[in-house]
Amino acid sequence: QVQPVESGGGLVEPGGSLRLSCGLSRRTFRPYIMGWFRQTPGKERDIVSGISWNGDKTYYADSVKGRFTISRDNVKNTVYLQMNSLKPEDTGIYYCAAGNYRNDYEKPEGYDYWGQGTQVTVSS
């Protein structure tokens, strides 16, 4: 069973920073693509960022380019999302997801396993 587990959400003022972490529980060591998604009330869950299984390629939604950075540590089975210059429109539930390493890390349909989500609120 593959289970992503997120941490690091919270309340931050506009212009502030947060770092999300996601650990991946799994029974066997296999590489996975990893990604972060965001959902706000009444809207679909959208991909924010994705990373290839070995970390050499990344994807960012236009709305977060230059502000968010995704990275991964395959020794620790953990992926991170550093979020800087946060805006109120970044508010939402952030989900970590994993998918087979052959899948496209840029596409939502490439992800098969989902975490429970962590709330990020950007407000003064």
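Residues numbered from 1 in each chain as written. Predicted model: local features only at pLDDT ≥ 70, side-chain atom pairs only at ≥ 80, totals over all residues. Heavy atoms only, no water.

Remarks on the sheet that holds strand 8 (residues 78–83)
Okay, step 1: Ordered in space as 1-3-8-7, the four strands form an open sheet in which the pairing is antiparallel. Strands with a single pairing partner mark the edges of an open sheet, and in this sheet they are strand 1 (3–7) and strand 7 (68–73). The average angle at which neighbouring strand axes cross in this sheet is 20°, direction not considered.
Okay, step 2: Judged from the six bridges that link them, strand 3 (residues 18–25) and strand 8 form a sheet pairing that is antiparallel. When the sheet's bridge partners are listed, R19 is paired in strand 8 with Q82. (Pairing = 2+ DSSP bridges. Helix = DSSP H or I, 4+ residues; strand = E, 2+ residues; numbered from the N terminus. Axes fitted to C-alpha atoms, helices over the stretch in contact; angles between N-to-C directions.)

Some remarks on the packing of aromatic side chains
Aromatic ring pairs are described here by two measures, namely the spacing of the ring centres and the angle between the planes.
Okay, step 1: Taken as a whole and judged by the stated rule, the model has four aromatic pairs.
Okay, step 2: Ring geometry for F37 and Y111: centres 5.2 Å apart, planes at 85°, overall edge-to-face. Pair noted here: F37 is in strand 4 (residues 32–39) and Y111 is in the loop between strand 9 (92–100) and strand 10 (113–114), with a separation of 74 residues, a long-range link.
Okay, step 3: The interplanar angle of 65° and the centroid separation of 4.7 Å between the aromatic rings of F37 and W114 together place this pair among those described as edge-to-face. Taken together, the residues span a long stretch of sequence, with F37 in strand 4 and W114 in strand 10 at a distance of 77 residues. (Phe/Tyr/Trp six-rings, centres within 6.5 Å; stacked < 30°, edge-to-face > 60°.)

Considerations on the layout of surface pockets
Okay, step 1: Taken as a whole, the largest pocket holds about 180 Å³ of empty space.
Okay, step 2: Forming the boundary of the largest pocket are 15 residues, of which R38, T40, D46, S63 and E89 lie nearest the centre.
Okay, step 3: Looking at the lining of the largest pocket, the elements that each hand over two or more residues are strand 4 and strand 5 (46–51).
Okay, step 4: Top element by residues in the lining of the largest pocket is strand 5. It accounts for three residues.
Okay, step 5: For the lining of the largest pocket, the per-class residue count stands at four nonpolar, three polar and eight charged. (1 Å grid on protein atoms, 1.4 Å probe; cavity = no way out; pocket = protein on both sides within 12 Å on 5 of 7 lines; lining within 4 Å. Points joined across faces, edges and corners; volume = space filled by probe spheres on them. Nonpolar A, V, L, I, M, F, W, Y, C, P; charged D, E, K, R; others polar.)

Details of the pattern of salt bridges
Pairing between side chains of opposite charge can happen when the charged atoms of each approach one another.
Okay, step 1: Counted according to the given criterion, the structure contains four salt bridges.
Okay, step 2: Between K65 and D62 there is a salt bridge, with the nearest N and O atoms lying 3.1 Å from each other. As far as burial versus exposure is concerned, K65 and D62 are alike and both exposed.
Okay, step 3: A salt bridge links D90 to R67; its shortest N-O distance comes to 2.8 Å. Taken together, the positions of D90 in the loop between strand 8 and strand 9 and R67 in the loop between strand 6 (58–60) and strand 7 put the pair 23 residues apart, joining distant regions of the chain. Each member of the pair D90 and R67 is classed as buried. (Salt bridge = Lys/Arg side-chain N within 4 Å of Asp/Glu carboxyl O. Buried < 20%, exposed > 50% of the residue type's maximum accessible area, 1.4 Å probe, protein only.)

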